[in-house]
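# What the coordinates show
Below are the chains, spelled out letter by letter.
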Amino acid sequence: MPHVLVAGVLHPAGLDLLAHTSGVTFDHVADNAPAAFHGQLAQAEALIVRTQPVTAAVLDMAPHLRIVSRHGVGTDSVELPALRARNITLSVVGDVNSLSVAEQAMTLILACAKRMRLADQAVRDPGRWNWRNRMEAGEISGKRLLILGYGRIGRHLARMAQGFGMDIRAFSPSVEASGWPEGPVLPVSLAEGLAWADVVAVSAPRRPRPLLGADELALMKPSAILVNTSRGGVVDETALAQALREGRIAAAGLDVFEEEPPAPGNPLLALDQVILSPHIGGVTLEAAERMSLQSVRNVLDFFAGRLDPAMTVPL
């Protein structure tokens, strides 16, 4: 009888599915701390994990482990060579939260354009009501949107932005190499796109170096908005803070950070033209339920010999 270890907070739907599946036992450690589940690894044949690191040292505590099921789509927290050495399968949840992340990107674009942080303060703080007369809030209709990374999230965002009447281009070398999808969104080079755009939305994977560093940010318009809902480190935060302070970029909306949560001294926290959210792009109630169910189904399908190859990560 396979034994499953669920590490971290999981939507009840997934736990309910486990509880009502015969032939499977499970433990649930409802704590997202990195090491909270380590004491339960000895008997686990499957591990369902959120963002906690799964390293070679962690795998050494789990001699019976056969599958790691990520409650998400990223693999940054998993040591892939260690899984490969043990022939342990790694699964992800597929396209269950891309719509949520795209909605978060669209929300941040609108919040930056409408200067929602300053607008909120103008109502809450006595004497600031007349901020409205400065007419700093703008519109996005007719503006140019550059999407960096044109996968599922980028395409959802493009569809939403089209509804607002935006002109859209995308930079995605991997998609361009495999065949650009039909539609009004055209590919563009990074340098050309950054100089062209009024809004830049990042949905590209993390790389060894920032995709947007000081040199790339210098190509953007002083009136431009930058939104990042991908991963911390894709945008150089130090360079971004300096560009914002010096007025070389107008505003930024950030859902992800190099250090999470960001340190109190992070200069981005002190800037009024920055809208922040705590990496919640894919953590809506609806997406949490879908991720919970899919991460559990991946484990059950694995033991039943029918795990969808599209849900596995090549090792």
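This part takes up the pairing of strand 6 (residues 144-148). Burial runs high along strand 6: 4 of the 5 residues are buried. The sheet contact formed by strand 6 and strand 7 (residues 167-171) spans 5 bridges and is parallel. Residue pairing across strands places Leu148 opposite Phe171, the latter belonging to strand 7. The β-α-β motif built from strand 6, the intervening helix 6 (residues 152-163) and the parallel element strand 7 has right-handed crossover chirality. Sheet topology note: the strand 6/strand 9 (residues 199-202) ladder contains 4 bridges and is parallel. In the sheet register, Ile147 faces strand 9, and the bridge partner there is Ala201.

Helix length check: helix 6 (12 residues) gives 17 Å between terminal C-alpha atoms against 16 Å at 1.5 Å per residue, within 8%. Next to the buried residues of helix 6 lie helix 4 (98-113), strand 6, strand 7 and strand 9. Positive phi appears at Gly165, one or two residues downstream of helix 6, with a value of about 75°.

Turning our eyes to something else, we now look at the sheet that holds strand 6. Spatial strand order, 8-7-6-9-10-11-12: 7 strands in an open sheet with parallel pairing. The open sheet has two edge strands with one neighbour each: strand 8 (186-187) and strand 12 (274-276).

What follows covers the sheet that holds strand 1 (residues 3-7). Read from one edge of the open sheet, 5 strands run 2-1-3-4-5, paired in parallel fashion. Two strands in the sheet have a free side with no partner beyond their single neighbour: strand 2 (25-29) and strand 5 (89-91). The average undirected angle you get between the axes of adjacent strands in this sheet is 15°. By the bridge criterion, 4 bridges tie strand 3 (residues 46-49) to strand 4 (residues 67-70) in an arrangement that is parallel. Its bridge partner being in strand 4, Leu47 is matched across the sheet by Val68.

Leu148, Val200, Leu212, Leu226 and Leu240 are the most contacted members of the largest nonpolar core, which totals 31 residues. Looking at this core, the elements with two or more residues in it are strand 6, helix 8 (190-196), strand 9, helix 10 (237-245) and strand 11 (251-254). The leading source of residues in this core is helix 10, at 5 residues. With residues near it in sequence (within four places) discarded, Leu240 still touches Leu217, Leu226, Val235, Ile249, Ala252, Leu254 and Leu268. Grouped together as the second largest cluster of nonpolar side chains are 27 residues, Ile109, Met160, Met166 and Ala251 included.

Reading the values: rules and limits
Residues numbered from 1 in each chain as written. Predicted model: local features only at pLDDT ≥ 70, side-chain atom pairs only at ≥ 80, totals over all residues. Heavy atoms only, no water. Buried < 20%, exposed > 50% of the residue type's maximum accessible area, 1.4 Å probe, protein only. Helix = DSSP H or I, 4+ residues; strand = E, 2+ residues; numbered from the N terminus. Pairing = 2+ DSSP bridges. Right-handed = clockwise from strand over helix to strand, strands pointing away. Expected span 1.5 Å × (residues − 1). Contact = heavy atoms within 4.5 Å. Axes fitted to C-alpha atoms, helices over the stretch in contact; angles between N-to-C directions. Core = buried A, V, L, I, M, F, W, Y, C linked by side-chain atoms within 4.5 Å.

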